[in-house]
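Listed below, chain by chain, are the residues.
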Amino acid sequence: MILEHTLYELGVNPSPAPAELTVIFCGEGKPVGGHRNGPGVHDYYLIHTVLSGSGVYEVKGKRYECMAGDTFVILPGEPFFYEADARDPWSYVWVAFIGSGAASHVRGIGVTTEAPVIRGGSRKIPALYRRLRSRLLQADNASHITSLESAGYLRLLLAEFGIANRHALSAADAFSSDIERRIALAVRLLSTHYAQSVSIGQLSQTYGYHRTHFSAMFKQSTGYSPKQYLLKVRMERAEALLATAMPIEQVASSVGYSDPLYFSKQFHKWSGKSPSAFRKSLRSG
């Protein structure tokens with residue numbers, strides 16, 4: 001393969017540890033006219049971005065003409081074929097990666113076997129490839145640091161691809177209205193900041209709505225008022241903590257209650273048991 005490129009550079013991760021996203025290698029090449037790869041399959045994700053020239057990419061029986069600025073994605077286990085144009089062969093950069101979060105990230109930028117090509121993209125993309133490849137080429141014995149940094153560049157690349165591919169994102173990833181988007185943000189905030197003092201009035205103001213209207217829309221979306229949802233998050237987290245040996249006072253403060261007695265009253269209303277009785281029931285069960 002190297003001999004079929006007039007320009008070729010490859011950076012390899014010396015020790016790709018299992019993670020949510022792990023770069024395996026990153027390279028740049030300019031194949032000779034007519035150079036082809038495949039038919040074949042990979043057991044990792046492989047993304048190519050065309051810098052100049054043109055070529056064709058084929059998957060699922062469909063052929064895609066690709067030129068400068070286009071990006072095509074090879075998915076694990078999917079038979080593929082690609083070939084440089086005979087007269088104006090492409091030059092391209094590529095990155096291969098694996099990881100427990102790889103599939104969801106690729107779907108998140110709108111790439112599937114039915115839509116494996118992203119058209120266009122920002123000028124940041126080639127620069128991110130260069131930085132990623134340079135980091136791998138300079139890899140030393142600190143392999144964990146190399147993996148962390150290269151994964152960071154990969155995330156930035158995926159974000160740029162997602163921006164370029166916004167039109168292809170599924171309807172499920174888009175919010176039908178501004179209020180739905182803001183409610184989703186509020187749900188995320190309540191789900192992660194439950195240990196802090198939360199004012200529903202301030203929360204409503206933060207997202208630009210009157211408290212009454214925001215609460216009504218929140219309940220329509222989630223089935224709970226904001227106050228009920230916050231209580232639910234806190235009590236479910238308290239149940240999980242009561243399954244440990246953590247003192248009840250610490251459980252209370254960990255879920256947003258500075259007063260252990262008030263926490264106990266709230267927990268009793270929620271579960272029908274005091275925190276200590278709930279803990280005993282878990283141990284006896």
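No experiment lies behind these values; they were computed from the predicted model shown. (Residues numbered from 1 in each chain as written. Predicted model: local features only at pLDDT ≥ 70, side-chain atom pairs only at ≥ 80, totals over all residues. Heavy atoms only, no water.)

> Break down the overall build of the protein for me, with residues and values.
Check the secondary structure of the protein and you find 10 helices and 10 strands. For 285 residues, the compact-globule formula gives about 19 Å, and the C-alpha radius of gyration of the protein, at 26 Å, lies well above that figure. By its C-alpha atoms, the protein is 80 × 45 × 30 Å across when sized along the principal axes. When burial is assessed residue by residue, the protein has 41% of its 285 residues classed as buried. On the protein, the mean spot of the 31 positive side-chain charges and the mean spot of the 23 negative ones are 12 Å from each other. (Helix = DSSP H or I, 4+ residues; strand = E, 2+ residues; numbered from the N terminus. Rg over C-alpha atoms; globule rule 2.2 N^0.38 Å. Buried < 20%, exposed > 50% of the residue type's maximum accessible area, 1.4 Å probe, protein only. Lys, Arg positive; Asp, Glu negative; His and termini not counted. Charge placed at Lys NZ, Arg CZ, Asp CG, Glu CD.)

> Residues and numbers for the packing of aromatic side chains, please.
According to the stated counting rule, one finds 20 aromatic pairs in the structure shown. A centroid spacing of 6.3 Å and a plane angle of 65° characterise the contact between Tyr224 and Tyr229, whose relative ring orientation is edge-to-face. Accessibility expressed as a relative area gives 32% for Tyr224, which makes it partly exposed. Each residue in the set Tyr8, Tyr57, Tyr64, Phe72, Phe80, Tyr82, Trp90, Tyr92 and Trp94 is aromatic and connected to the rest through ring pairs, giving one cluster. (Phe/Tyr/Trp six-rings, centres within 6.5 Å; stacked < 30°, edge-to-face > 60°.)

> An account of the environment of Glu239 is requested, with residue identities and associated values reported.
Structurally, Glu239 can be placed in helix H7 (residues 226-242). For Glu239 and Gln220, which are 19 residues apart along the polypeptide, the C-alpha to C-alpha distance reads 26 Å. Looking at Glu239, its side chain comes within polar contact range of the side chain of Trp270, at 3.0 Å. (Polar contact = N/O pair within 3.5 Å; in protein donor to acceptor, adjacent residues only side chain to side chain.)

> Residue-level account of the nonpolar core, with values.
Ranked by size, the top nonpolar core spans 25 residues in total, and within it Ile47, Val95, Phe97, Tyr129, Leu132, Leu158 and Phe161 carry the most contacts. Residue assignment for this core shows that the elements contributing at least two residues are strand E2 (22-31), strand E4 (45-52), strand E9 (91-98), helix H1 (102-108), helix H2 (124-137) and helix H3 (143-164). With residues up to four places along the chain from it excluded, the contact list for Leu158 reads Leu21, Ile47, Phe97, His105 and Ile109. (Core = buried A, V, L, I, M, F, W, Y, C linked by side-chain atoms within 4.5 Å. Contact = heavy atoms within 4.5 Å.)

> Give me the pattern of salt bridges: which residues, what numbers.
Under the definition given, this model contains 10 salt bridges. Where Glu9 meets Arg133, a salt bridge forms, and the shortest distance between an N and an O atom there is 2.8 Å. Of this pair, Glu9 sits in strand E1 (residues 5-12) while Arg133 sits in helix H2; the two residues are 124 residues apart in sequence, bridging distant segments of the chain. Using a relative accessible area of 35% as the deciding quantity, one classes Glu9 as partly exposed. Take Arg133: its relative accessible area is 4%, and that puts it in the buried class. The salt bridge partner of Glu58 is Arg63, with a shortest N-O separation of 3.2 Å. When salt bridges that share partners are traced, they join Glu9, Glu28 and Arg133 into one network. (Salt bridge = Lys/Arg side-chain N within 4 Å of Asp/Glu carboxyl O.)

> Before we move on, can you summarise helix H4 (residues 178-192) with the specific residues and values?
In this model H4 runs 22 Å from its N-terminal to its C-terminal C-alpha over 15 residues, within 8% of the 21 Å that 1.5 Å per residue would give. Listed as buried for H4 are Ile179, Ile183, Ala186, Val187 and Leu190. Buried positions in H4, seen along its axis, are confined to an arc of 105° and lie on one side of it. Facing away from the buried side of H4 by over 90 degrees, the exposed positions are Arg188 and Thr192. (Expected span 1.5 Å × (residues − 1). Arc of directions from axis to C-beta.)

> Go over the packing of H7 against helix H9 (residues 260-271) with me, naming the residues and quoting the values.
With their axes 11 Å apart at the nearest point, H7 and H9 run at an angle of 100° to one another. With respect to H9, the axis of H7 lies roughly perpendicular. On the side of H7, the interface is formed by Leu231, Lys232, Met235, Glu236, Ala238, Glu239 and Leu242, while H9 contributes Phe263, Gln266, Phe267 and Trp270. Partitioned by chemical class, the residues of the contact of H7 with H9 number seven nonpolar, one polar and three charged. (Axes fitted to C-alpha atoms, helices over the stretch in contact; angles between N-to-C directions. Parallel < 35°, antiparallel > 145°, perpendicular 65-115°, else oblique. Nonpolar A, V, L, I, M, F, W, Y, C, P; charged D, E, K, R; others polar.)

> Requested: an account of the sheet that holds strand E5 (residues 54-59), with residues and values cited.
Strand order in the open sheet formed by four strands is E3-E8-E5-E6, with antiparallel pairing between adjacent strands. In this open sheet, the two strands that pair with only one neighbour each are strand E3 (36-40) and strand E6 (62-67). Neighbour-to-neighbour, the strand axes of the sheet open up by a mean angle of 15°, direction not taken into account. The pairing of E5 with E6 spans six bridges and is classified as antiparallel. Note on E6: the bridge partner recorded for Val56 is Glu65. (Pairing = 2+ DSSP bridges.)

> Talk me through the state of the cysteines; I want residue IDs and the actual numbers.
Summed over the entire model, instances satisfying the criterion amount to zero disulfides. With no disulfide of its own, Cys26 lies 18 Å from the sulfur of Cys66, the closest cysteine sulfur. (Disulfide = S-S within 2.5 Å.)

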